[in-house]
Structure formats: structure tokens, C-alpha cells
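Descriptive structure summary
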Amino acid sequence: MPQSNLEQRLREAGELSGPLSPAASDALARATRATEDSRRVIPGAVFCAVSGGRTDGHAFIPRAVEAGAIAVLGDRAGETETGGVPYIAVPHPRRCAGLLAHALEGDPTAAITVAGITGTNGKSSTAALTASILEAAGHNTAVFGTLGYVINGEVLGQEHTTPFGEELASLFARARDAGVSHVVMEVSSHSLDQERVAGIRFAAGAFTNLTQDHLDYHGTMEAYRDAKLKLFQRLDAVTGAAAINADDPYGQSFVDASGCRVITFGEHGVVSAQRIKTDLHGCSFQLRGPWGALPVHLKLLGRHNVSNALCAAALAHGMGVAAEHIVAGLAGLAAVPGRFEPVAVGTPFQVVVDYAHTDDGLINVLKAARELSKGQIITVFGCGGDRDKTKRPKMGKAAGKLSDYCVLTSDNPRTEDPLRILLDAEVGLQQAGRVKNEHYTVIVDRAEAIRAAIERAKPGDIVMIAGKGHEDYQILGTEKIHFDDREVARAILAERSA
């Protein structure tokens, strides 16, 4: 029996080495869907039983077979049949789910130029800037990431920064069918480690920075770094391009992992910024690169956005975009939701909402705020529950050192006791030499915390509300309630002016 397209795809990827039974080969030849979610199984589907995490996919095989699965892919060597259908043993079932899903959609990324952006901070802003550049160059561009999946102006919500393989294959097919030529996507460390991006052909990749985050999952900074390196290891040596932050301590690791052309950015990079000026209207600087020096004005606030702009410029240059389009694209982006986003209008002080949820993220936005402020910095922040606990005191210390006053509050406590989380962060505030009720206060209720910060503000001050950014929800226990920092702040400001 000749190999089917799906069987050939798995062999090329190294997932199949020995011969398959005629029944298994026939099943792959007839397959119409590949999924790791038994609830998405339809007649003719291949169910990929993924082990690990909170559940083992093998437990859902009976449900999948009942729903019409004609084969199961799993990692149990030696098993050939389960529930009356062929069992195909492979090293990485989740990787296979992505590979098969993309193949069944007709390999949409073969017709789309895909740029992946990874790093701890700055991914969303860099993705938005890159997309603006590509649009300025005349390319119909979609953006996939934390802020949603935007195809021709339509925003499609997703639970994860990077969804699972089957969902991504469907999204890319939708983008292709809508006439999209380029996709800029954020690529999380989880998705790389879990092979969610299998089947995507990346034309270019960018590395923003690496600071402590997600250690509850990865365990060590080395493992966290290694997960992100996988994006660059899969770039084509001849046609690929990588934009790497030359100023980041981990930058050289990403340069070494990229077997393709590398364009560095930053103070010590090929693409750099000089004569930087920041104010409440944006950032102006000289953009230096292989094209020489060109003036740029960003509408985005904060010096940290200059680094994001350099990353976008280096990435776009690596993708062959002309310098004039890079400059136009950088200047054309008005704002990024929840990223150093001003929410006060006509007030004598500023209120800014930002997604900063790591110590490095807080350092960046608070330094930017200090540069813009004519008064004090009042920071509202918290730490997420059921996540890396070791970063909580670091966030508290960063906020304490760089703020004049802090209001420590709940973020997304999830199933943890909010007070326990706040005590962990409060240790950092005390390490920074801050005294409770003199330099900071603790208010568990986030709305009341925002109110307290705004009521404390005087002319020239900046109230920085950090941690949730664009998010319009708060997770309390296992319940997700509506909560938007921007809406809450605007409502409080409206009350004051009434």
C-alpha cells in the first residue's frame, strides 16, 4: 500500500520509523481531522492521546472512539490496537497533532510568511509594531497573540497566547483564505515546549528579552531559555532571518541557536537608536541600521517601547522590508491596548494601565513613568496566584524601589489565598526599605486599590496600574469575573469630575 500524505508527513518528521499495519496506514489515508481534544472528535478523526499535564489523553480514548475516531496516536511503544481501532505509537503525539492538522488544512503557512516573536516582555507591542510596518509595506497582515487573533480587522478571542496545533492550523487556513500574506505571531515558551507550533513554517523569528517568568512550569531559567530557543532552531538556514536583542544577557544563546541570518538590535546591535527623547506624546529617536540613520517618532509612550521598535525594525529588515516602510510603520501605530495605555483625559495627573507582571516588566514601565512624571509615581500592583511564587518578592522590591507609593492588591489570585500572595510580595517592599502605611498600603479589593491610588494623586503625578493590562477579567478561585482596570479607573475619574 503506498504511503498516504499524512503517513509521509509523520515519517519525514521522524515520528514514524518502522512499518505500519495495513489498518493503521488505511486510517491515516482516510483521516479528515487530527485532534488531541476528544470533544472535537468527528467521524474520520485521528485522536492524539497526549500524556502528562493534569490528565492523560489515553483516558479519553473510549470517548474518542465512540465519537468516530478511526485511529489513535499515542506514546505507548508496542501498542498496536485500542478500543477496536489502530493505535499508532509515536514519540510526540502533540507534535503529530499539529503536523497532521496543518497537513489536513493544506499547509496554510506554505502560502503565508510567518514571523514569530518570543521573549518575556514586549511581545505584544513588538508584534503590533511589526504588523504596522508590514501593512505600511503593502502586505495584508494578521496578528496572532495575547491581544487576540486579528484577521482582516476581525478579532478572534483565544484562551492561550499560542493555541494548540489544531486551532492554529484552522486559524492559518482562515487567514490564507482571507487573502492574508503575512502573519506576525507571539510564540510562548509553553507552546514551544509542548510542540503546539508544530506544522508552522516560520520565515523569521525575533527574541525580545529573557527575565524570570513561568518558572512554576519550566523549573529553571535554563529550561525556560531552551524552550524559547526552539523557535530559532527551526528557522531555515538559507531563507530564514532572526532578530536578536544584543543587549540581553541571553542574547548570544539565541544568536548561536539561529543557523540563519541574524540581525541584532539594541545599544550594541546592528539596528540601534540614538538621540532618544521621550514625553507624554511619544518617543523620538534616530533609527540606525544598514540603511543609515532615519528620524522616527513613536506615538507609544515610554522608553521601553524604543527597544520594542528596534526589535520590530530588525525583524522587518530581515524579512526584506524597505527602510522607508519601517519608519512609516513605526510612526503609524497609535497605541497597543493595555501596554502603557493612558486612561485619564483632562486630569492634572496621568493614569496609565500596563500588563507588566514580572519584576523586569515593572522596572521597565516604572523607569519610563519616572522619565515622564513631574511628580510622584503611585503604583498599583499584585501577583498572580497558582504561578511562580519566587517572583513575588522581586516584583515587590522593584515596585518599592521605583515608586514613591505603592498600593499592593490582588491580581488574578486563582485558587490561592489572596492575602498569602500579598504577604509574599510585601516581603519585597520591605526589602526595598519601604514602611507600611508610610510608603505603601495593602488593599485586597482591586477596585478599591485603584480608587485609593487615584484619590492620592496630585498634579504632575502618574498612577501606574500594573499587571493586567488589556485583560477584562479577574480570576477568583475558579471563577472568571468581568474586571477591566481601564474601565474601573475611568469610572472613578468620572465620579471625581462629576
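What comes next concerns the included structure. Worth saying up front: this structure is predicted, and the values here are computed from it rather than measured. (Residues numbered from 1 in each chain as written. Predicted model: local features only at pLDDT ≥ 70, side-chain atom pairs only at ≥ 80, totals over all residues. Heavy atoms only, no water.)

Points about the overall build of the chain
Where we set the bar: Secondary structure elements follow DSSP: runs of H or I of four or more residues count as helices, runs of E of two or more count as strands, with numbering from the N terminus. In this treatment the radius of gyration is a C-alpha quantity, and the globule benchmark scales as 2.2 Å times the residue count to the 0.38 power. In this scheme, a residue with accessible area under 20% of its type's maximum is buried, one over 50% is exposed, and one in between is partly exposed, where area comes from a 1.4 Å probe on protein chains only. Contacts were defined at the residue level, with two residues in contact if any of their heavy atoms lie within 4.5 Å.
If you tally the helices and strands in the chain, you get 17 helices and 24 strands. A compact globule built from 498 residues would reach a C-alpha radius of gyration of about 23 Å, and the chain, at 24 Å, matches this within 12%. Principal axes of the C-alpha set define a box for the chain whose edges measure 80 × 55 × 40 Å. The buried share of the chain, reckoned over its 498 residues, is 56%. The contacts of the chain with a sequence gap of at least 6 include a subset with a gap of at least 24, amounting to 66%.

Focus: the side chain of threonine 379
What counts here: As used in this structure description, the phrase polar contact means that two N or O atoms lie within 3.5 Å; if the pair is within protein, one of them must be able to donate a hydrogen and the other to accept it, and residues adjacent in sequence are counted only when both atoms belong to side chains.
Locating threonine 379 in the fold gives a position in strand E19 (residues 377–381). In this structure the side chain of threonine 379 is engaged in a polar contact, spanning 2.6 Å, whose partner is the side chain of serine 403. Those residues in contact with threonine 379 that sit more than four places away from it in its chain are Leu366, Ser403, Tyr405, Cys406, Val407 and Met464.

As for the pairing of strand E3 (residues 71–74)
Inclusion rule: What makes two strands pair is DSSP finding at least two bridges between them.
With burial as the criterion, each face of E3 is covered, one bearing Ala71 and Leu73 and the other bearing Val72 and Gly74. Where strand E2 (residues 45–48) meets E3, 3 bridges bridge the pair, whose relative direction is parallel. Residue cysteine 48 lies in a different strand from E3, and its bridge partner there is leucine 73. By the bridge criterion, 3 bridges tie E3 to strand E5 (residues 85–89) in an arrangement that is parallel. The residue bridging leucine 73 from the neighbouring strand is isoleucine 88, located in E5.

Observations concerning helix H12 (residues 323–332)
Note the threshold: Our arc is simply the arc of the directions from the helix axis toward the C-beta atoms.
Within H12, the full set of buried residues consists of Ala323, Ile326, Val327, Gly329 and Leu330. Seen along its axis, H12 keeps its buried residues to an arc of 165 degrees; they face one direction.

Remarks on the pairing of strand E16 (residues 292–298)
In this structure, strand E15 (residues 282–289) lies alongside E16, joined through 7 bridges in antiparallel fashion. Pairing of cysteine 283 across the sheet is with leucine 298, part of E16.

Examining the sheet that holds strand E17 (residues 341–342)
Put simply, the test is: In this analysis, axes come from line fits to C-alpha atoms, helices being fitted only over the stretch in contact, and the angle between any two N-to-C directions falls in the range 0 to 180 degrees.
Within the open sheet, the 6 strands sit side by side as E17-E18-E22-E19-E20-E21. Their pairing is mixed. With one partner strand each, in any of the chains shown, E17 and strand E21 (440–442) form the two edges of the open sheet. Across 2 bridges, the pairing between E17 and strand E18 (residues 350–354) is antiparallel. From the neighbouring strand, proline 342 faces E18, where its bridge partner is valine 352. Packed onto the sheet, helix H14 (residues 391–402) meets E19 and strand E20 (405–408) and runs at close to 165 degrees relative to E19. Relative to the sheet, helix H17 (residues 485–497) contacts E17, E18 and strand E22 (462–466), its axis offset from that of E18 by approximately 165 degrees.

Description of the packing of aromatic side chains
The test is simple: For Phe, Tyr and Trp, rings pair up if their centres lie within 6.5 Å, where Trp contributes its six-membered ring, and each pair is then called stacked (planes under 30 degrees apart), edge-to-face (over 60) or tilted (otherwise). Placement of a positive charge over a ring is assigned whenever Lys NZ or Arg CZ falls within 6 Å of the ring centre and within 35 degrees of the normal to the ring plane.
If you walk through the whole model with that rule in mind, you get 4 aromatic pairs. One aromatic cluster is present, formed by Phe144, Tyr149 and Phe172 through successive ring pairs. Taking the ring centre of tyrosine 473 as reference, the NZ or CZ of lysine 480 above it sits at 4.2 Å.

Quick look at the packing of H14 against helix H15 (residues 418–431)
Helix-helix packing is characterised by the crossing angle of the two axes and by the distance between the axes. Let me state the cut-off plainly: By definition in this entry, angles of less than 35 degrees are roughly parallel, angles greater than 145 are roughly antiparallel, angles of 65 to 115 are roughly perpendicular, and the rest are oblique. Put simply, a crossing is left-handed when the front helix is turned counterclockwise from the back one by less than a right angle, and right-handed when it is turned clockwise. When residue character is reported, Ala, Val, Leu, Ile, Met, Phe, Trp, Tyr, Cys and Pro are called nonpolar, Asp, Glu, Lys and Arg charged, and the others, Gly included, polar.
Contact geometry of H14 with H15 gives a least axis separation of 6 Å together with a crossing angle of 45 degrees. On the basis of the axis angle, H14 is oblique to H15. For the pair H14 and H15, the sense of crossing is right-handed. Contacts between H14 and H15 pair Arg392, Pro393, Gly396, Lys397 and Gly400 from the former with Ile421, Asp424, Ala425, Val427, Gly428, Leu429 and Gln431 from the latter. Its residues placed into classes, the contact of H14 with H15 shows 5 nonpolar, 4 polar and 3 charged.

Some thoughts on the pattern of salt bridges
Here is the rule: We define a salt bridge as a side-chain nitrogen of Lys or Arg found within 4 Å of a carboxyl oxygen belonging to Asp or Glu.
Applying the stated criterion across every chain, the model contains 29 salt bridges. Note that glutamate 167 and arginine 40 form a salt bridge whose closest N and O atoms lie 3.6 Å from each other. Here the residue glutamate 167 occupies a position in helix H6 (residues 165–177), and arginine 40 occupies one in the loop between strand E1 (33–35) and E2, the gap between them amounting to 127 residues. Judged by relative accessible area, which is 33%, arginine 40 ranks as partly exposed.

Remarks on the sheet that holds strand E4 (residues 81–82)
One open sheet accounts for 5 strands, arranged E1-E2-E3-E5-E4; its pairing is mixed. Each edge of the sheet is formed by a strand with only one pairing partner; in this case those strands are E1 and E4.

A look at the environment of alanine 453
Take alanine 453: it is sitting in helix H16 (residues 446–456). With 12 residues separating them in the primary sequence, alanine 453 and isoleucine 465 have C-alpha atoms 8.9 Å apart.

Observations regarding the nonpolar core
Filter applied, for reference: Side-chain atoms within 4.5 Å link the members of a nonpolar core, which is a set of buried Ala, Val, Leu, Ile, Met, Phe, Trp, Tyr and Cys residues.
Residues Leu129, Val271, Phe285, Leu287, Leu310, Ile326 and Leu330 are the most contacted members of the largest nonpolar core, which totals 38 residues. Apart from residues lying up to four places away in sequence, isoleucine 326 is in contact with Ile133, Leu287, Trp291, Ala313, Ala316, His317 and Val321. Listed in part, the 34 residues of the second largest apolar core include Ala142, Phe144, Leu168 and Phe202.

Describing the environment of threonine 55
Mapped onto the elements, threonine 55 comes out in the loop between E2 and helix H3 (61–66). By relative accessible area, threonine 55 is classed as partly exposed at 48%. Among residues more than four places away in sequence, those in contact with threonine 55 are Val50 and Phe60.

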